[in-house]
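Listed below are the residues making up each chain.
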Amino acid sequence: MSEPRYRAAIVGAGAIAAAHAQALHHHGDRVALTAVVDVDLDLARRFAATWNIPLVHTDLDALERVDLVHLCTPPATHAPLALKCLEAGANVLVEKPPTLSLAELDSLAAASARTGAHVATVFQHRFGTGAHRLRDMIAAGDLGRPLLATCETQWYRDDDYFRVPWRGRWETEGGGPTMGHGIHQFDLMLSILGPWQQVTAVTARRARDVETEDVSMALVTFADGTLASVVNSVVSPRQTSSLRFDFERATVELSHLYGYRDADWTITPVPGHEDLATRWNRGRSDSVSGHTDQLAAVLDALDAGAAPPVSLPDTRTTMEFIAALYASAATGRPVRRGEIDPGHPFAAAMNGAAR
């Protein structure tokens with residue numbers, strides 16, 4: 001049996017690291033998980049024992065050469081650790097939010113261009129079969145023009161959740177539920193609807209003792225005129241993640257929590273277009289949107305010598321949307337795409353304040 005083509009390491013052995021390890025083991029014929037790195041040696045050893053990882057380190061500088069690093073550390077560490085990986089020639093798959101600011105993201109883009117190594121962001125909901133089907137039907141013109149969309153991430157995080165020192169602070173988390181929770185849903189929306197044009201938003205602290213917001217709402221205009229509303233919350237006891245797209249010929253909806261199956265999608269055709277439901281239901285699968293499907297796409301790209309999906313230019317669209325949302329909420333006016341240039345205060349930090 002041949003050895004896997006790629007070697008991978010996980011940096012950060014916290015809760016989300018298990019999803020990465022599971023994905024890597026699923027693709028064990030293509031990539032070997034050879035090391036884990038965490039500042040907590042006991043945690044790293046337990047993680048290595050659970051996932052049969054041969055090497056354990058407490059310092060990224062001690063990591064042997066690998067092809068792919070999965071960054072699962074707290075948000076403030078993403079940019080400096082990713083830069084180290086790029087300089088060592090390793091590709092990076094980084095958890096959300098990929099950086100704390102557009103400025104940090106652009107610094108990674110410059111390093112990537114210089115070193116030839118790539119950075120991709122974990123936006124796994126883009127890779128579920130329902131999202132692929134929706135994009136295919138849009139591209140084929142089956143659904144007609146998109147007209148209206150809603151995107152709601154209404155989750156619940158109690159006070160204990162925010163007692164973790166880096167949570168709820170601009171300097172270490174980069175933002176509230178807009179940055180760290182709803183980002184998956186509106187990234188999927190943006191990947192479906194294409195270029196956004198303008199954001200008008202509000203943010204608030206309604207219940208949690210944090211520096212950042214615990215609720216945000218935005219009205220979005222897309223380049224083709226499509227209108228959308230976006231809600232991000234961590235104060236909603238009945239938790240749901242939902243997307244709704246109203247097209248000329250059908251409404252397509254997704255309702256789930258942290259990952260979706262095909263069964264979580266529904267389509268409601270306009271009378272006279274009932275055949276759309278037949279086409280939608282053709283070839284359904286039982287897979288869950290998650291890290292495994294995105295990792296497959298990353299490995300396919302590496303095989304082809306190409307940038308992995310959700311590379312830095314793709315990621316920047318979503319990160320610029322976040323910066324525009326925060327800027328609009330702070331200034332009380334709409335913010336257009338491209339307005340937040342490198343000299344703009346909201347390019348340096350999502351609260352507009354230099355750190």
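Criteria and cut-off values
- Residues numbered from 1 in each chain as written.
- Predicted model: local features only at pLDDT ≥ 70, side-chain atom pairs only at ≥ 80, totals over all residues.
- Heavy atoms only, no water.
- Helix = DSSP H or I, 4+ residues; strand = E, 2+ residues; numbered from the N terminus.
- Rg over C-alpha atoms; globule rule 2.2 N^0.38 Å.
- Buried < 20%, exposed > 50% of the residue type's maximum accessible area, 1.4 Å probe, protein only.
- Contact = heavy atoms within 4.5 Å.
- Patch = residues over 30% accessible without salt bridge, like charges linked within 9 Å, V, L, I, M, F, W, Y side chains within 5 Å.
- Areas by Shrake-Rupley, 256 points an atom, 1.4 Å probe, with all protein chains shown as cover.
- Salt bridge = Lys/Arg side-chain N within 4 Å of Asp/Glu carboxyl O.
- Pairing = 2+ DSSP bridges.
- Axes fitted to C-alpha atoms, helices over the stretch in contact; angles between N-to-C directions.
- Parallel < 35°, antiparallel > 145°, perpendicular 65-115°, else oblique.
- Left-handed = near helix turned anticlockwise from the far one by under 90°.
- Nonpolar A, V, L, I, M, F, W, Y, C, P; charged D, E, K, R; others polar.

## Considerations on the overall build of the protein
The helix and strand tally for the protein stands at 12 helices and 14 strands. Since a compact globule built from 355 residues should have a radius of gyration of about 20 Å, the 20 Å found for the protein is in line with a globular shape. For the C-alpha atoms alone, the extent of the protein along its principal axes is close to 60 × 50 × 40 Å. For the protein, the proportion of its 355 residues judged to be buried stands at 51%. Of all intrachain contacts in the protein linking residues separated by at least 6 positions in sequence, the fraction that spans at least 24 positions is 68%.

## Let's talk about a nonpolar patch on the surface
A contiguous nonpolar surface patch, about 250 Å² in accessible area, is contributed by Leu147, Leu148 and Leu227. One can find Leu227 in strand E10 (residues 227-233). With relative accessibility at 45%, the residue Leu227 sits in the partly exposed group.

## Remarks on the pairing of strand E11 (residues 235-247)
In terms of strand pairing, strand E7 (residues 146-156) meets E11 through nine bridges, oriented antiparallel. Paired with Glu152 across the two strands is Ser242, which belongs to E11. Sheet analysis places E11 next to strand E12 (residues 250-256), joined by six bridges and oriented antiparallel. Each bridged residue has a counterpart across the sheet, and for Phe245 the counterpart in E12 is Val252.

## Observations concerning the pattern of salt bridges
Under the counting rule described, the total for this entry stands at 18 salt bridges. A salt bridge links Asp262 to Arg133; the shortest N-O distance between them is 3.0 Å. In this pair, Asp262 is assigned in the loop between E12 and strand E13 (265-269) and Arg133 in helix H5 (residues 129-139), connecting sequence segments 129 residues apart. One exposure class covers both Asp262 and Arg133, and it is buried. With a closest N to O distance of 3.0 Å, Arg279 and Asp142 form a salt bridge. One end of the pair, Arg279, is in helix H9 (residues 275-281); the other, Asp142, is in the loop between H5 and E7, with 137 residues separating them in the sequence. Take Arg279: its relative accessible area is 28%, and that puts it in the partly exposed class. A network of salt bridges, in which partner residues are shared, links Arg5, Arg30, Asp300 and Asp303.

## Description of the sheet that holds strand E1 (residues 6-11)
Pairing is parallel across the open sheet formed by six strands, whose spatial order is E3-E2-E1-E4-E5-E6. The sheet is open, and its two edges are formed by strand E3 (55-57) and strand E6 (119-121), each paired on a single side. When strand polarity is set aside, the average angle formed by the axes of neighbouring strands in this sheet is 25°. Alignment of strand E5 (residues 91-94) against E6, held across three bridges, turns out to be parallel. The residue bridging Leu93 from the neighbouring strand is Ala120, located in E6. Each of E1, strand E2 (31-37) and strand E4 (68-71) is contacted by helix H1 (residues 17-26), which is oriented at about 170° to E1, the strand it contacts most.

## Description of the packing of helix H8 (residues 183-193) against helix H11 (residues 312-331)
Contact geometry of H8 with H11 gives a least axis separation of 10 Å together with a crossing angle of 120°. Taken together, the axis directions place H8 and H11 in an arrangement best described as oblique. Crossing of H8 over H11 shows right-handed handedness. Here Ile183, Phe186, Asp187 and Leu190 of H8 lie close against H11, whose contacting residues are Thr317, Thr318, Phe321 and Ile322. Per-class residue counts for the contact of H8 with H11 are five nonpolar, two polar and one charged.

## Regarding the environment of Glu253
Looking at the element boundaries, Glu253 is found in strand E12. When near neighbours in sequence (up to four residues on either side) are disregarded, Glu253 contacts Leu243, Arg244, Asp264, Trp265, Thr266 and Thr268.

## Re the sheet that holds E13
Read across the open sheet, the eight strands follow the order E13-E12-E11-E7-E10-E9-E8-E14; overall the sheet is mixed. The strands lining the two open edges of the sheet, one partner per strand, are E13 and strand E14 (335-336). Here strand E9 (residues 215-222) pairs with E10 via seven bridges, running antiparallel. Of the residues in E10, the one forming a bridge with Ala218 is Val230. Most of the contacts of H8 go to E11, to which it runs at about 0°, and overall it touches E7, strand E8 (196-204), E9, E10, E11 and E12. The strands touched by H11 are E8, E9, E10 and E14; relative to E8, the strand with the most contacts, the crossing angle is about 50°.

## So, unusual backbone geometry
A cis geometry characterises the amide bond from Lys96 onward to Pro97, with omega recorded as -15°. In this structure, Pro97 sits in the loop between E5 and helix H4 (102-115). One non-glycine residue with positive phi stands out, namely Asn52, at about 55°. Here Asn52 lies in the loop between helix H2 (41-51) and E3. Non-glycine residue Val310 carries a positive phi angle of around 60°. Given a relative accessible area of 2%, Val310 falls into the buried group.

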